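Here is how the chains run, residue by residue.
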Amino acid sequence: EAEVAQSPRYKITEKSQAVAFWCDPISGHATLYWYRQILGQGPELLVQFQDESVVDDSQLPKDRFSAERLKGVDSTLKIQPAELGDSAMYLCASSLRAWDRGLNEQFFGPGTRLTVL
Amino acid sequence: AQKVTQAQTEISVVEKEDVTLDCVYETRDTTYYLFWYKQPPSGELVFLIRRNSFDEQNEISGRYSWNFQKSTSSFNFTITASQVVDSAVYFCALNSYSGAGSYQLTFGKGTKLSVIP
């Protein structure tokens with residue numbers, strides 16, 4: 001069964017260091033999402049890609065966060081420098097086509113749990 | 001604005017009891033989709049069900065059932081004869097237009113279900 005892959009599963013870093021997370025969506029899924037989930041809350045969208053283009057990054061703290069999907073397949077989310085408040089679960093999801101409401105069912109990866117000390 | 005409210009933060013039941021998780025949503029869209037996801041302690045969000053706004057027929061799948069009532073903007077989820085393996089956080093989500101040519105999920109804050117043996 002096709003799955004969304006993410007790595008690493010866990011990351012511990014110190015404040016002011018740089019961290020990067022990787023996501024490989026389900027093959028054939030044009031849309032890729034990065035979410036941040038703070039403990040006790042629902043996931044909140046950080047950035048959405050359609051193929052290699054950013055569709056929505058309005059919730060991405062652009063002073064320290066960046067995301068890319070250069071070839072329209074896998075994606076990297078980077079934080080530099082990390083802050084204590086960035087400790088959270090970072091989830092990647094993919095869907096067939098975001099512009100088709102009926103086909104926007106999102107499949108999630110296992111997430112990367114980030115702890116900033 | 002799109003909004004999903006899950007008023008129950010935590011619920012505890014004894015194994016084999018039935019339990020209902022509530023979800024109330026707000027949207028101006030006339031066509032929309034609603035979802036339920038399960039998040040076990042491992043962290044991965046698991047898709048459970050998707051319903052569109054034109055289909056108010058209740059659905060049953062094994063021990064799971066869903067009650068969609070458009071008149072009250074509710075999409076409640078019932079687990080019959082709960083089991084310990086049902087212990088997880090359950091999220092209700094609404095598919096909404098992002099304004100950027102695509103659709104996005106808005107999640108509730110989740111309900112943590114604990115099934116006690």
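Scoring rules and cut-offs
Residues numbered from 1 in each chain as written. Chains lettered and ligands numbered in written order. Predicted model: local features only at pLDDT ≥ 70, side-chain atom pairs only at ≥ 80, totals over all residues. Heavy atoms only, no water. Contact = heavy atoms within 4.5 Å. Buried area = accessible area lost by both parts, 1.4 Å probe. Salt bridge = Lys/Arg side-chain N within 4 Å of Asp/Glu carboxyl O. Polar contact = N/O pair within 3.5 Å; in protein donor to acceptor, adjacent residues only side chain to side chain. Helix = DSSP H or I, 4+ residues; strand = E, 2+ residues; numbered from the N terminus. Nonpolar A, V, L, I, M, F, W, Y, C, P; charged D, E, K, R; others polar. Disulfide = S-S within 2.5 Å. Buried < 20%, exposed > 50% of the residue type's maximum accessible area, 1.4 Å probe, protein only. Phe/Tyr/Trp six-rings, centres within 6.5 Å; stacked < 30°, edge-to-face > 60°. Lys NZ or Arg CZ within 6 Å of the ring centre and 35° of its normal.

Student: Tell me about the interface of chain B and chain A, and please be specific about residues and values.
Tutor: Between chain B and chain A, the residue contacts involve 25 residues of the former and 26 residues of the latter. Between chain B and chain A, roughly 2,100 Å² of surface is buried when both sides are summed, and carbon and sulfur atoms account for 49% of that area. Its largest share of buried area at the contact with chain A, chain B owes to B:Leu45, B:Tyr103 and B:Gln104, together 25% of the area lost on that side. Counting across the chain B and chain A interface gives one salt bridge. Inspection of the region where chain B meets chain A yields five residue pairs in polar contact (both at pLDDT 80 or more). For the side of chain B that touches chain A, the elements supplying multiple residues, two or more each, are strand 5 (33–39), strand 6 (46–52), strand 10 (88–97) and strand 11 (103–107) of chain B. For the side of chain B that touches chain A, a count of residues per class yields eleven nonpolar, ten polar and four charged.

Student: Give me the side chain of A:Thr13: which residues, what numbers.
Tutor: Mapped onto the fold, A:Thr13 is located in strand 2 (residues 10–13). Aside from chain neighbours lying at most four places away, what touches A:Thr13 is A:Val19, A:Ala82, A:Leu114, A:Thr115, A:Val116 and A:Leu117.

Student: Mind laying out the state of the cysteines, listing which residues take part and the relevant values?
Tutor: Joining two cysteines, a disulfide is a covalent bond between their sulfur atoms. Residue and element names in this part refer to chain A. Scanning the model with the defined rule gives two disulfides over all chains in all. Covalently, Cys-23 is tied to Cys-92 through a disulfide, its sulfur atoms 1.9 Å apart. The S-S bond linking Cys-23 to Cys-92 shows a torsion near -70°; that makes this disulfide left-handed. Taken together, the positions of Cys-23 in strand 3 (residues 19–24) and Cys-92 in strand 9 (residues 88–95) put the pair 69 residues apart, joining distant regions of the chain. Residue Cys-23 shares its accessibility class with Cys-92, and that shared class is buried.

Student: Help me get a handle on the packing of aromatic side chains, residues and values and all.
Tutor: With the rule as written, the count across this model stands at 19 aromatic pairs over all chains. For the pair A:Tyr35 and A:Phe108, a centre-to-centre distance of 5.4 Å together with 40° between the ring planes defines the contact as tilted. Separated by 73 residues along the polypeptide, A:Tyr35 in strand 4 (residues 31–37) and A:Phe108 in strand 10 (residues 107–108) bring together distant segments of the chain. What makes A:Tyr35 buried here is its relative accessible area of 0%. Counting every residue linked through ring pairs, the aromatic cluster contains A:Tyr33, A:Tyr35, A:Phe108, B:Phe35, B:Tyr37, B:Phe47, B:Phe91 and B:Phe107. The positively charged end of B:Lys70 is found above the aromatic ring belonging to B:Phe54, 5.2 Å away from the centroid.

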